[in-house]
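# Reading the structure
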Amino acid sequence: MSAKWTAADVPDQSGRVAVVTGANTGIGYEAAAVLARKGAGVVIASRNLEKAREAARRIEAAHPHADVALQELNLASLASVRTAADELRAAYPRIDLLINNAGVMYPPKQTTDDGFELQFGTNHLGHFALTGLLLDTLLPVEGSRVVTVASIAHNIQGGIHFDDLQWERSYNRVAAYGQSKLANLMFTYELQRRLAAASSESPSREAHTIAVAAHPGISNTELMRHIPGTGLPGFIKLAGLVTNSPPVGALATLRAATDPGVTGGQYYGPSGFRELVGHPKLVQSNAKSHDVAVQQRLWTVSEELTGVKFGV
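The sections below set out a description of the structure shown in this document. (Residues numbered from 1 in each chain as written. Predicted model: local features only at pLDDT ≥ 70, side-chain atom pairs only at ≥ 80, totals over all residues. Heavy atoms only, no water.)

### Section: the sheet that holds strand 3 (residues 67-72)
Strand order across the open sheet formed by 8 strands is 3-2-1-4-5-6-7-8, with mixed pairing between neighbours. At either end of the open sheet lies a strand with only one pairing partner, and these are strand 3 and strand 8 (280-282). Averaged over all neighbouring strand pairs, the angle between strand axes comes to 20 degrees, with direction disregarded. The sheet contact formed by strand 5 (residues 145-149) and strand 6 (residues 210-214) spans 5 bridges and is parallel. Opposite Val 146, over in strand 6, you have Ala 211 as the bridge partner. Taken strand by strand, helix 8 (residues 251-258) contacts strand 4 (97-100), strand 5, strand 6, strand 7 (267-270) and strand 8, and its axis lies near 160 degrees from that of strand 5. (Pairing = 2+ DSSP bridges. Helix = DSSP H or I, 4+ residues; strand = E, 2+ residues; numbered from the N terminus. Axes fitted to C-alpha atoms, helices over the stretch in contact; angles between N-to-C directions. Contact = heavy atoms within 4.5 Å.)

Structure follows, in structure tokens:
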């Protein structure tokens, strides 16, 4: 393996099925392109099928033998999540990789179809529900993984506000994003704990799946569109000097998804200053994210809000 982990270090993925949410653009697209190049059958799960088709065409143009499929998925609608899960289960009886990548950041206050604050509802609850509905297609598969893309923003005003999860009393878009990304990490850690417990308690029904988290640092993608100043002349050029490019930003996700040395409950992010940029390494999330009591409370609340219960 090279000193700096790169896409060249991704092992052969032939025969594997990878479902990547939000893979029509940004780091999700870059991760999907590498997985397809390495032989995986990749499913681009996106709410915008036209953008997904264009992404698939770009991947296939670069890699003529790529196996790329599309799945309509709107994470801001539990009905859409359930429909997508049903269709994926019918098309793919086994899934090797579920990469929970899609997300929204810093939008004006909005709600999902189900009345959840948009960032919490999309980034956390939508992926929580999708994972729960697809989990039994992953559990029997040796080496299968659930990779959830978090963010260094879990450190910025991050907390799980159980007294006002949906920001109905007031709205701080930065704190709301931090909450959703902290929730991504807590979900990963609690899911891994449950997977490990299922494996130890029922050896005959061993859970082969692990849960891992990753973050891209600061990556120059469409996710930044709600940041103030993005429309100013020269912003994109300036941003490119202090952010990871999408291909580099995707490497932490790819390492979490494919590195044979990864174990459940780990977290990967950039190796540079304050994990802002650079190639991926094993990193640590903050102390709040490891609060088991809050993880378990969030899990219970997430089951109640989504109506989805896990088989572990």
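Past the structure itself, the notes keep going.
### Side note on the packing of aromatic side chains
Going through the model one piece at a time under the given rule, you end up with 7 aromatic pairs. Centre to centre, the rings of Phe 187 and Trp 299 are 5.8 Å apart; their planes meet at 25 degrees, and the pair counts as stacked. Linking Phe 187 in helix 5 (residues 173-201) with Trp 299 in helix 9 (residues 292-306), this pair joins segments that are 112 residues apart in sequence. Per residue, the accessibility class of Phe 187 equals that of Trp 299, and both read buried. Relative to Phe 310, the ring of Trp 299 has its centre 4.6 Å away and its plane inclined at 55 degrees; by these criteria the two rings are tilted. One end of the pair, Trp 299, is in helix 9; the other, Phe 310, is in the segment after helix 9, and 11 residues separate them in sequence. Per residue, the accessibility class of Trp 299 equals that of Phe 310, and both read buried. What links up through ring pairs into an aromatic cluster is the set Phe 128, Phe 187, Trp 299 and Phe 310. Directly above the aromatic system of Tyr 29 lies the positively charged group of Arg 58, at a separation of 4.0 Å from the ring centroid. One cation-aromatic arrangement involves Arg 297 over Phe 162; the distance from NZ or CZ to the ring centre is 4.0 Å. (Phe/Tyr/Trp six-rings, centres within 6.5 Å; stacked < 30°, edge-to-face > 60°. Buried < 20%, exposed > 50% of the residue type's maximum accessible area, 1.4 Å probe, protein only. Lys NZ or Arg CZ within 6 Å of the ring centre and 35° of its normal.)

### Describing helix 9
One turn of the α-helix equals 3.6 residues, which is why residues spaced by three or four share an orientation. Taking 1.5 Å per residue as the helical rise, helix 9 with its 15 residues ought to reach 21 Å, and the 21 Å between its terminal C-alpha atoms agrees with that figure. Residues of helix 9 that are buried include every one of Gln 295, Leu 298, Trp 299, Val 301, Ser 302, Glu 303 and Thr 306, and no others. Among the residues of helix 9, the N-terminal cap falls to Asp 291, whose side-chain oxygen and the backbone nitrogen of Ala 293 are separated by 3.1 Å. Taken from the residues just after helix 9, Gly 307 is the one with a positive phi, measuring 75 degrees. (Expected span 1.5 Å × (residues − 1). Polar contact = N/O pair within 3.5 Å; in protein donor to acceptor, adjacent residues only side chain to side chain.)

### Overview of the pairing of strand 1 (residues 17-21)
Counting buried positions along strand 1 gives 5 out of 5 residues, so the element sits mostly inside the fold. Across the two faces of strand 1 the burial is the same, with Val 17, Val 19 and Thr 21 and Ala 18 and Val 20 all buried. Judged from the 5 bridges that link them, strand 1 and strand 2 (residues 41-46) form a sheet pairing that is parallel. Within strand 2, the position partnered with Thr 21 by the bridge is Ala 45.

### Comments concerning the nonpolar core
Membership of the largest hydrophobic core comes to 42 residues, with the highest contact counts inside it found for Leu 191, Phe 310 and Val 312. Going through the elements one at a time, strand 1, strand 2, helix 3 (78-91), helix 4 (118-138), helix 5 and helix 9 are the ones with two or more residues in this core. Of the residues forming this core, the biggest block, 8 residues, is contributed by helix 4. In this structure Phe 310 touches Phe 128, Thr 131, Gly 132, Leu 135, Phe 187, Leu 191, Trp 299 and Glu 303, once residues within four positions along its chain are discounted. (Core = buried A, V, L, I, M, F, W, Y, C linked by side-chain atoms within 4.5 Å.)

### As for the pairing of strand 5
Here strand 5 lies mainly inside the structure; 5 of its 5 residues are buried. Of the two faces of strand 5, both are covered, the one formed by Arg 145, Val 147 and Val 149 as well as the one formed by Val 146 and Thr 148. Strand direction decides the pairing type here: strand 4 and strand 5, joined by 4 bridges, are parallel. Bridge pairing links Ile 99 to Val 147 in strand 5. On the question of chirality, the crossover connecting strand 4 to the parallel strand 5 by way of helix 4 is right-handed. (Right-handed = clockwise from strand over helix to strand, strands pointing away.)

### Some points on the pattern of salt bridges
Counted according to the given criterion, the structure contains 11 salt bridges. Salt-bridge contacts for Glu 50 lead to Arg 57; the nearest nitrogen and oxygen are separated by 3.3 Å. Taking relative accessible area as the criterion, Arg 57 reaches 42% and is therefore assigned partly exposed. We note a salt bridge from Glu 190 to Arg 194, for which the minimum N-O separation is 2.9 Å. In this pair, Glu 190 and Arg 194 both sit in helix 5, 4 residues apart, roughly one turn of the helix. Connected through salt bridges with shared partners, the residues Glu 50, Arg 53, Glu 54 and Arg 57 form a single ionic network. (Salt bridge = Lys/Arg side-chain N within 4 Å of Asp/Glu carboxyl O.)

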